[in-house]
Amino acid sequence: MALFEARGLHKRFGDRVVLEAIDLAFDAGTLTGIMGPNGAGKTTCFHCLTGYHRPDRGRIVFDGEDIGGLRPHEIVRRGVARSFQAINLFDADTVLDNVVVALPEVRRRVADAWGDLARDSGAQDRAAEVLARVGLAGRERARAKDLAYGERRALEIALALASGPRILFLDEPTSGLGADGTARLGELVSELKRTLTMVVIEHDMRFLFGLADTIAVIHWGQVIAGGTPRELRDNPWVARSALAEDPC
Amino acid sequence: MASLLKVDGLVKRYYAPGWPRRVAFTLEADFEVDAPRTIGLLGPNGSGKTTLFELVTGSNVPTEGRVSVDGRDIHKVRYRERDRLAIHYHQSYQVRAFRRTVPSFLLERAGRDRPRVHLFDEPQFALQDGYIGFMLDFFARLRREGNLVFLCVHPNEPWHLDILREACESFLFVRRGRVAPFDGYASLVADPDVRTYLGALAPPH
């Protein structure tokens, strides 16, 4: 059975159907790519899967438990983490503190006041470990606002990792990155993929085709196609397109 | 058994502003589709293609006639459940809002979740990204699963016609508010009005 599964997700905003009927299944240890044109419903789908929107119909099951209708933080606590298209960081604080406040043990006693965190060396060590995983070792003391754009993307992934997830959802992680940044992010994602189940929304098809085990194409609020990158490439129209030129 | 879609004596009249009332545009349609199929819809801008889709999905109100989807009069179904019978996939800028005269609770329930009639209004086909192939597979899957698929395409590239020929089993050509049926691609592109519409894209005889 899949680690995470959605069946018949339907979501409308007023008169507009945004998700008609989404069926997705993510197996443990795999990376699933989600692609689709603008306005296809990809981000709304992520919002439903991670509790930010409540679907009008459909089931969402994580590790055997129906998590549909749970609030975002309850879903995070069960081991589901995500990033957002727009970067959300505490710019004035250090890289390390950004991660420290995202640690679950710290979040639980956030009322204890910020000041104590500086003295919680256990939390700082764990935050430093997370930063090392995303390639930000050595940058702990920098202010978040002083990071390069690619580093900010990595820090955002670190915030998601701080909750200790079993499945990680990334929403357009390459957005705004140049070729070098995208390549470095690709290395980071393939490293994370060794220990995590991942789901990645991405416009950059080459990025996705190189990393994903399976891909779901979302359009008109439905999964219109799916399969391994090779299966999708075998489609004669894909073979006619620019995608086919890439040899990976 | 009820037919999948019955467009019965459908008339939609638009009036020009001012007095006395003057009819500015009339769309007339009368056709029936018994079994699942994929139907291509073509016609010049302003000929009534989108209005026809709006009438079939029940967002626009006909002046005369009725539309039945799977045996249900779509205009008697609750507004927000009509897309469980017939769904119009449009470009977001095309969405038009219509006046609603009857409170929803007085109307009927759709009685199903998944629509049986799927109307695609000028999907964006771009050769570069390969999505066309996924879209065509999806149309074919909907058709295989027993649905009626409408594909409205405004051809301005030769391969747009390839898509229509590959995907559609029959066609409707809308011109000046009249809907003409064609039972296949060959008869469609042989029609003089269609050839005029296609212009330089019309395949050689």
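Scroll up to find the structure this text is about.
These remarks concern the structure in this document. (Residues numbered from 1 in each chain as written. Chains lettered and ligands numbered in written order. Predicted model: local features only at pLDDT ≥ 70, side-chain atom pairs only at ≥ 80, totals over all residues. Heavy atoms only, no water.)

So, the overall build of chain A
We apply this condition: Secondary structure elements are defined from DSSP: runs of H or I of at least 4 residues count as helices, runs of E of at least 2 residues count as strands, and each element is numbered from the N terminus. This radius of gyration counts C-alpha atoms alone. The globule rule is 2.2 Å times how many residues there are, raised to the power 0.38. Any two residues whose heavy atoms approach within 4.5 Å at even a single point are treated as in contact. Note on areas: Shrake-Rupley, 1.4 Å probe, and residue coverage restricted to the protein chains presented here. By the counting rule applied here, Lys and Arg register as positive and Asp and Glu as negative, while His and the ends of each chain are not counted. All charge positions are set by atom: Lys at NZ, Arg at CZ, Asp at CG, Glu at CD.
For chain A, the helix and strand inventory stands at 10 helices and 10 strands. Relative to its length of 248 residues, chain A is compact, with a C-alpha radius of gyration of 19 Å against a globular reference of 18 Å. Judged by the C-alpha coordinates and their principal axes, chain A covers about 60 × 40 × 35 Å. Look at the contacts in chain A between residues 6 or more apart in sequence, and 66% of them connect residues 24 or more apart. Counting only carbon and sulfur atoms, one obtains 48% of the accessible surface of chain A, whose full area is about 11,000 Å². Here chain A carries 32 positive and 35 negative side-chain charges, and the mean point of each set is 3 Å from the other.

Some thoughts on the nonpolar core
Proteins that are soluble and globular tend to have nonpolar side chains buried together. Counted only if it meets this: Each nonpolar core is a collection of buried residues, namely Ala, Val, Leu, Ile, Met, Phe, Trp, Tyr and Cys, held together in the definition by side-chain atoms within 4.5 Å. For every residue, the accessible area (1.4 Å probe, protein chains only) is compared with the maximum for its type, and the residue is labelled buried under 20%, exposed over 50%, or partly exposed between those bounds. Domain limits in this description derive from either an automatic procedure or a database domain assignment.
Membership of the largest hydrophobic core comes to 86 residues, with the highest contact counts inside it found for Leu155(A) and Leu168(A). Built from parts of two domains, this core gets at least three residues from each of domain 1 (1-79 + 165-248) and domain 2 (89-160) of chain A. Judged by nonpolar contacts, the second largest core, of 30 residues, contains Phe25(B), Phe31(B), Ile39(B) and Leu55(B).

Focus on the layout of surface pockets
All names here are of chain A. Here is the rule: A cavity, in this analysis, means grid points on a 1 Å lattice covering only the protein atoms where a 1.4 Å probe fits yet has no way out; a pocket is instead an open set bounded by protein on both sides within 12 Å along at least five of seven lines, and a residue lines either one if it has an atom within 4 Å of a point. Grid points are joined across faces, edges and corners, and a volume is the space filled by probe spheres set on the points. Only Asp, Glu, Lys and Arg are considered charged in this grouping, and only Ala, Val, Leu, Ile, Met, Phe, Trp, Tyr, Cys and Pro are considered nonpolar; every other residue, Gly among them, is considered polar.
Estimates place the volume of the second largest pocket at around 700 Å³. What lines the second largest pocket is a set of 23 residues, and nearest its centre among them are Val76, Ala102, Arg107, Leu159 and Ser163. If you list the elements that add at least two residues to the lining of the second largest pocket, you get α2 (72-77), β6 (80-82), α4 (104-108) and α6 (149-162). The leading source of residues in the lining of the second largest pocket is α2, at 4 residues. When grouped by side-chain class, the residues that make up the lining of the second largest pocket number 13 nonpolar, 5 polar and 5 charged. Here the lining of the second largest pocket spans two domains, since at least three of its residues come from each of domain 1 (1-79 + 165-248) and domain 2 (89-160).

These figures come from the coordinates and say nothing about function on their own.
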